[in-house]
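Per-entry structural report
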Amino acid sequence: DAMVIQNPRYQVTQFGKPVTLSCSQTLNHNVMYWYQQKSSQAPKLLFHYYDKDFNNEADTPDNFQSRRPNTSFCFLDIRSPGLGDAAMYLCATSRGGFASTDTQYFGPGTRLTVL
Amino acid sequence: GIQVEQSPPDLILQEGANSTLRCNFSDSVNNLQWFHQNPWGQLINLFYIPSGTKQNGRLSATTVATERYSLLYISSSQTTDSGVYFCAVGGANTGNQFYFGTGTSLTVIP
């Protein structure tokens, strides 16, 4: 049973054309994360939500925004994609909590191509 | 944040060989996970192991939290073990954030 679902799996967009990536989860986890992963690099955290509480990484460009309308869904909006934004985008969830002593579960990722 | 380094960066093994991957971290952690990223990009949980030793089939992991390192052992490697192995850590003072290591790229050849 799929637990963290990402759509689409592959997305092609044009330079400067807004794009939205989708993530949903069936785990009822409190925390949802968005990571960017470029070729041969480790995943880089862009931001995360604890419930509705949004936490932005200091070096995440303003071009990247996120929405979490409910517990199950989280969206990544790239307002004006540049060639440097081509990457794999990974969504993850965790139960969350004070001690952060739980497991992260990842979706399959969306591979974004910018033409 | 917590700095996480993995070694070796690249590893090529003959099928059937054993290997040890290492993860060093710069601060105390209360969460450590090992992941395998397959060629399609999916990150698969291998172990949640902030301390102690665990085994799952041909894989086992040990974390020595006081010395700030973790080891992942792969025995009798198979071609399906190929991919990139990441460790990711979280600390008591880092909230819900996880910090990924630099990864070890493993290639198992038949």
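Residues numbered from 1 in each chain as written. Chains lettered and ligands numbered in written order. Predicted model: local features only at pLDDT ≥ 70, side-chain atom pairs only at ≥ 80, totals over all residues. Heavy atoms only, no water.

A closer look at the interface of chain A and chain B
- Contacts between chain A and chain B engage 26 residues on the former and 18 residues on the latter.
- Here chain A packs against chain B, burying approximately 1,800 Å² in sum over the two surfaces, 47% of which is carbon and sulfur.
- At the junction of chain A with chain B, the criterion picks out 0 salt bridges.
- Between the two partners, chain A and chain B, sit 6 residue pairs in polar contact (both at pLDDT 80 or more).
- Those elements that provide at least two residues to the side of chain A that touches chain B are strand 4 (31–37), strand 5 (44–50), strand 9 (87–94) and strand 10 (105–106) of chain A.
- For the side of chain A that touches chain B, the residue count by class is 13 nonpolar, 11 polar and 2 charged. (Contact = heavy atoms within 4.5 Å. Buried area = accessible area lost by both parts, 1.4 Å probe. Salt bridge = Lys/Arg side-chain N within 4 Å of Asp/Glu carboxyl O. Polar contact = N/O pair within 3.5 Å; in protein donor to acceptor, adjacent residues only side chain to side chain. Helix = DSSP H or I, 4+ residues; strand = E, 2+ residues; numbered from the N terminus. Nonpolar A, V, L, I, M, F, W, Y, C, P; charged D, E, K, R; others polar.)

Observations concerning the pairing of strand 5 (residues 43–48) of chain B
Residues and elements named next belong to chain B.
- The sheet contact formed by strand 4 (residues 31–37) and strand 5 spans 5 bridges and is antiparallel. The residue bridging His36 from the neighbouring strand is Ile44, located in strand 5.
- Linkage of strand 4 to strand 5, two consecutive antiparallel strands, is achieved through a turn of 5 residues, within which Gly41 is found at a positive phi near 95°. (Pairing = 2+ DSSP bridges.)

Digging into the pattern of salt bridges
- Within the structure shown, the criterion is met by 3 salt bridges over all chains.
- Residue Lys44(A) pairs with Asp59(A) through a salt bridge whose shortest N-O separation is 3.3 Å. You can see Lys44(A) sitting in strand 5 and its partner Asp59(A) sitting in the loop between strand 6 (53–56) and strand 7 (64–67), a full 15 residues away along the chain.
- Taking the shortest distance from any N to any O, the salt bridge between Arg58(B) and Asp81(B) comes out at 2.9 Å. Remark: Asp81(B) occurs in the loop between strand 8 (69–74) and strand 9 (83–90) and Arg58(B) occurs in the loop between strand 6 (52–56) and strand 7 (59–64); sequence separation between them is 23 residues.

Some remarks on the nonpolar core
- Residues Val4(B), Phe25(B), Trp34(B) and Val89(B) are the most contacted members of the largest nonpolar core, which totals 22 residues.
- Of all the elements in the fold, those that place two or more residues in this core are strand 2 (10–14), strand 3 (19–25), strand 4, strand 7, strand 8, strand 9 and strand 11 (104–109) of chain B.
- By size, the runner-up hydrophobic cluster in this structure holds 18 residues, among which are Leu21(A), Leu46(A), Cys74(A) and Ile78(A). (Core = buried A, V, L, I, M, F, W, Y, C linked by side-chain atoms within 4.5 Å. Buried < 20%, exposed > 50% of the residue type's maximum accessible area, 1.4 Å probe, protein only.)

Quick word on the packing of aromatic side chains
- All chains considered together, the criterion is met by 12 aromatic pairs over all chains.
- Taking the centre distance of 5.4 Å and the plane angle of 80° together, the rings of Tyr35(A) and Phe100(B) count as edge-to-face. Separated into two different chains, Tyr35(A) in strand 4 and Phe100(B) in strand 10 (residues 99–100) make up a pair that spans both. The pair Tyr35(A) / Phe100(B) is uniform in exposure class, with both members buried.
- Judged by centre distance (6.0 Å) and plane angle (80°), the rings of Phe86(B) and Phe100(B) are edge-to-face. Taken as a pair, Phe86(B) in strand 9 and Phe100(B) in strand 10 lie far apart in primary sequence, 14 residues in all.
- On the basis of relative accessibility, which here comes to 11%, the residue Phe100(B) falls in the buried class.
- An aromatic cluster of three or more residues is present, and its members are Tyr33(A), Tyr35(A), Phe106(A), Phe35(B), Phe86(B), Phe98(B) and Phe100(B).
- Lying across the ring of Tyr69(B), Arg22(B) places its NZ or CZ 4.2 Å from the centre. (Phe/Tyr/Trp six-rings, centres within 6.5 Å; stacked < 30°, edge-to-face > 60°. Lys NZ or Arg CZ within 6 Å of the ring centre and 35° of its normal.)

Describing the layout of surface pockets
- Taken as a whole, the largest pocket holds about 410 Å³ of empty space.
- If you trace the largest pocket, you find 22 residues lining it, with Gln37(A), Ser39(A), Ser40(A), Gln41(A) and Gln37(B) closest to the centre.
- Of all the secondary structure elements, the ones that give two or more residues to the lining of the largest pocket are strand 9 of chain A together with strand 9 and strand 11 of chain B.
- Counted by class, the lining of the largest pocket contains 8 nonpolar, 11 polar and 3 charged residues.
- Its boundaries defined by the atoms lining it, the second largest pocket holds a volume of some 340 Å³. (1 Å grid on protein atoms, 1.4 Å probe; cavity = no way out; pocket = protein on both sides within 12 Å on 5 of 7 lines; lining within 4 Å. Points joined across faces, edges and corners; volume = space filled by probe spheres on them.)

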